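# A look at the structure
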Amino acid sequence: MTAPLRPRPSLPRRAARVLAAVGAAALLVTGCGSSGGSGGDRDGGAQAGSSGGTRTVKDATGTAVQVPEHPRRIVTLTQEDLDAVLALGLKPVGITNGQGMDKPPAYLADKVKGVDVVGNLLQPVMDKVVAARPDLILAGDMQDQQVLKQLRSITPATLVTMAPTDDWKLSFRGIANAVNSIDKANEVIAGYEAKARKAGEDLGANKGAAVSIVRWNPDGPSWMEKKQFASGVALDMGLKRPKAQDKDGNAHTPPLSLERISEIDGDWLFLSTLTSDGEKALKDVQEKPAYKDLNAVKQGHVVTVSGSVWSTRGGPLASEAVIDDLTKALKK
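All of these numbers come straight from a predicted model, not from anything done at the bench.

The rules behind each value
Residues numbered from 1 in each chain as written. Predicted model: local features only at pLDDT ≥ 70, side-chain atom pairs only at ≥ 80, totals over all residues. Heavy atoms only, no water. Helix = DSSP H or I, 4+ residues; strand = E, 2+ residues; numbered from the N terminus. Buried < 20%, exposed > 50% of the residue type's maximum accessible area, 1.4 Å probe, protein only. Contact = heavy atoms within 4.5 Å. Areas by Shrake-Rupley, 256 points an atom, 1.4 Å probe, with all protein chains shown as cover. Arc of directions from axis to C-beta. Polar contact = N/O pair within 3.5 Å; in protein donor to acceptor, adjacent residues only side chain to side chain. Salt bridge = Lys/Arg side-chain N within 4 Å of Asp/Glu carboxyl O.

## Concerning the overall build of the chain
- The number of helices and strands found in the chain is 12 helices and 13 strands.
- Within the span of the chain, comprising 332 residues, buried residues form 54% of the whole.
- Counted over contacts in the chain with a minimum sequence separation of 6, partners at least 24 positions apart contribute 64%.
- If you sum the accessible surface of the chain, you get close to 14300 Å²; carbon and sulfur atoms cover 49% of it.

## So, helix α4 (residues 145-154)
- Val 147, Leu 148 and Leu 151 are the residues of α4 that are buried. Within α4, the buried residues cover an arc of 100° as seen down the axis, which keeps them to one side. For α4, the exposed residues lying more than 90 degrees away from the buried face are Gln 145, Gln 146, Lys 149 and Ser 153.
- Taken together, the buried residues of α4 touch β7 (123-124), α3 (126-132), β8 (136-138) and β9 (158-159).
- If you check the start of α4, you find a side-chain oxygen 3.0 Å away from the backbone N of Gln 146, and it comes from Asp 144.

## Remarks on the pattern of salt bridges
- Applying the stated criterion across every chain, the model contains 11 salt bridges.
- With its nearest N and O atoms 3.3 Å apart, the salt bridge here joins Arg 313 to Asp 141. Taken as a pair, Arg 313 in the loop between α11 (307-310) and α12 (316-330) and Asp 141 in the loop between β8 and α4 lie far apart in primary sequence, 172 residues in all. With respect to burial, Arg 313 and Asp 141 carry one shared label: buried.

Structural data, given as structure tokens:
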């Protein structure tokens, strides 16, 4: 299986990260308390630092990091970090562009007007990060140790916020703990879950429909496993996955050949792309008989959605966008 968005680390590195995250009860939510110690549980329980205005948290690798009790100048290096910070009512002082883009993700653009861009996804320009004067850097699933070393020379409060197996809710709670807002995070997640349930119940004839969720790559389509972000949102709405896609995991399949294109069929087909090459490949295949023979195509049940939302590791604001997309298409 291929990763939902960014390349996964090699197996030894990934195993080490997962073991660190699980064994240490990691992610950001795990360790919190005074500036001189660590502890706590996965759901937070953060307490204000007793000296120096700092707190100790653990990041997604299990590393204990001291962070400001109330960060004021946050830099985010991934869309997921940005989504989480905005959902908590905070505005960062530095952000990166979206995946494969030269600008922030469209669904967040209105919320980050005037915010300095410090580089591309997980590729910060160090001079720009320095100029932002961060007191907290949220580094997503950054694995480049040299880059992390440089970031930590700018501020020791630099955290890896995502491990390979984390879903968006776990990462979000961790980020919230890092900014001392775990209660707010729990409120946001409860609101999302209520919205998803209500939206699913109001779908009429399409309630419980089998939805195929596919990213079209230059080499062909890849359907998303059940624990991948957009799939999880659909399941939270009470929707189902087609039989061929009813498999656990949080990744995409490798690109499928035209001979296996039937695997992407369903009651409804939601298609996204991330690059212009992917868009061209999709346009080309739409003229082929194998594509036209899909049941969803024959029924007019094909919906194109934004890959910068659906094909990411997700966040609170992205999840609401997916609910809105599904509702708009399915509610009759």
